[in-house]
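# Chains, contacts and geometry: an overview
Listed below, chain by chain, are the residues.
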Amino acid sequence: MSLKAIIFDLDGVLTDTAKYHYLAWKKLADELGLYFDESINESLKGVSRINSFEIILEENNASKNYTDREKEILANKKNDYYKEMIEQLTPNDILEGIVPFITEARNNGMKCAVASISKNAPRVLELLNISNMFDYIADAALVKRPKPDPEIFLTCAYALGCKPDECIGIEDAQAGIEAIHAAGMKSVGINVSVTSVAPDIPLKSTAELDFKILSRFG
Ligand code: BG6
Ligand code: MG
């Protein structure tokens, strides 16, 4: 197999933090009298914090009611709620199949990295107690261009000392699948709501992850 590395998204792939993002945005939206529901939350997957708030405001035709500074302060407020909520995460919140999959990949000499645009990724990984399973964890604060730009996946490949075509990316968001393909990597999708390009290997859940399926990539 010519594959040398697996690059994982975090939210929705290693653990299901979407519910906490939802609850934190919902709390802020309720305070501001903005409409927000699970379907809007779905469109925030893989989207940066500030762009997520912009989407919520646009859904409410309220973007022009806030200055950029006010938007930043309010998005930070959501983050305070989120940070408080994720403190309840434990290793029991690692999604099914993830630990055996990473263990087998590592036993087969594969390097592993995390490509999450969440600035809370290091804390989430720490709470899940899996930080040491990864050779590299991208620093979201240094990423200039969010997914679907390939920057974060290319940064991981470079840090692992691998060429893009030696890496596969695993993502649950459409923007993430586009980023993986733009990086020149193969993709595995976890329950992706496909609106444009489909993952090379679409799976319904992480429970279907099996190291053997990677042999399909040659
Ligand atoms: C992504 C999530 O992983 O991280 C998005 O899918 C979230 O919902 C984004 O907005 C940024 O996360 P954070 O923790 O930096 O606000
Ligand atoms: Mg995700």
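Computed from a predicted model, the values in this text were never measured in an experiment.

Attention shifts here to the domain arrangement of the chain. When the parts of a complex come together, some accessible area is lost, and that lost area is often used as the size of the interface. Structurally, the chain comprises domain 1 (5–15 + 94–217) and domain 2 (18–86). In this structure, domain 1 and domain 2 have C-alpha centres spaced 25 Å apart. With 10 residues of domain 1 in contact, the opposing surface of domain 2 contributes 11 residues. Taken together, both faces of the contact between domain 1 and domain 2 bury some 850 Å²; the carbon and sulfur share is 52%. Where domain 1 touches domain 2, the interface holds 0 salt bridges. Put simply, domain 1 and domain 2 have 1 residue pair in polar contact (both at pLDDT 80 or more) between them. Partitioned by chemical class, the residues of the side of domain 1 that touches domain 2 number 4 nonpolar, 2 polar and 4 charged.

Attention shifts here to the coordination of the magnesium ion (ligand 2). Bound to the magnesium ion (ligand 2) are the protein donor atoms Asp9 (OD), Asp11 (O) and Asp172 (OD), situated 2.0 to 2.1 Å from the metal. For the magnesium ion (ligand 2), all donor residues lie on one chain, and their spacing in sequence is D-x1-D-x160-D. In this pair, Asp11 is assigned in the loop between strand E1 (5–8) and helix H1 (18–32) and Asp172 in the loop between strand E4 (167–171) and helix H8 (174–182), connecting sequence segments 161 residues apart. A single burial state applies to Asp11 and to Asp172, both of which are buried.

Inspection of the region around ligand 1 gives 14 residues, with Asp11, Val47, Ser118, Lys119 and Asn120 positioned closest. Leu44 is positioned with one of its backbone polar atoms (N or O) 3.2 Å from an oxygen atom of ligand 1. Between ligand 1 and Asn120 there is a distance of 2.7 Å, counted from an oxygen atom to a side-chain nitrogen or oxygen. Against a free-state accessible area of 400 Å², the protein chains account for coverage of 95% of ligand 1. Grouping the constituent residues of the shell around ligand 1 by class yields 3 nonpolar, 7 polar and 4 charged.

Taken in spatial order, the 6 strands line up as E3-E2-E1-E4-E5-E6 in an open sheet, and their pairing is parallel. The open sheet has two edge strands with one neighbour each: strand E3 (136–137) and strand E6 (201–203). On the sheet, helix H5 (residues 98–107) packs against E1, strand E2 (111–114) and E4 and is oriented at approximately 155 degrees with respect to E1. Strands in contact with helix H7 (residues 151–160) are E1, E2, E3 and E4; relative to E2, the strand with the most contacts, it is inclined by about 145 degrees.

Quick notes on the rules
Residues numbered from 1 in each chain as written. Chains lettered and ligands numbered in written order. Predicted model: local features only at pLDDT ≥ 70, side-chain atom pairs only at ≥ 80, totals over all residues. Heavy atoms only, no water. Domains from an automatic or database assignment. Contact = heavy atoms within 4.5 Å. Buried area = accessible area lost by both parts, 1.4 Å probe. Salt bridge = Lys/Arg side-chain N within 4 Å of Asp/Glu carboxyl O. Polar contact = N/O pair within 3.5 Å; in protein donor to acceptor, adjacent residues only side chain to side chain. Nonpolar A, V, L, I, M, F, W, Y, C, P; charged D, E, K, R; others polar. Donors = N, O, S within 2.8 Å, 3.2 Å for Na, K, Ca; no water. Helix = DSSP H or I, 4+ residues; strand = E, 2+ residues; numbered from the N terminus. Buried < 20%, exposed > 50% of the residue type's maximum accessible area, 1.4 Å probe, protein only. Near = heavy atom within 4 Å. Areas by Shrake-Rupley, 256 points an atom, 1.4 Å probe, with all protein chains shown as cover. Pairing = 2+ DSSP bridges. Axes fitted to C-alpha atoms, helices over the stretch in contact; angles between N-to-C directions.

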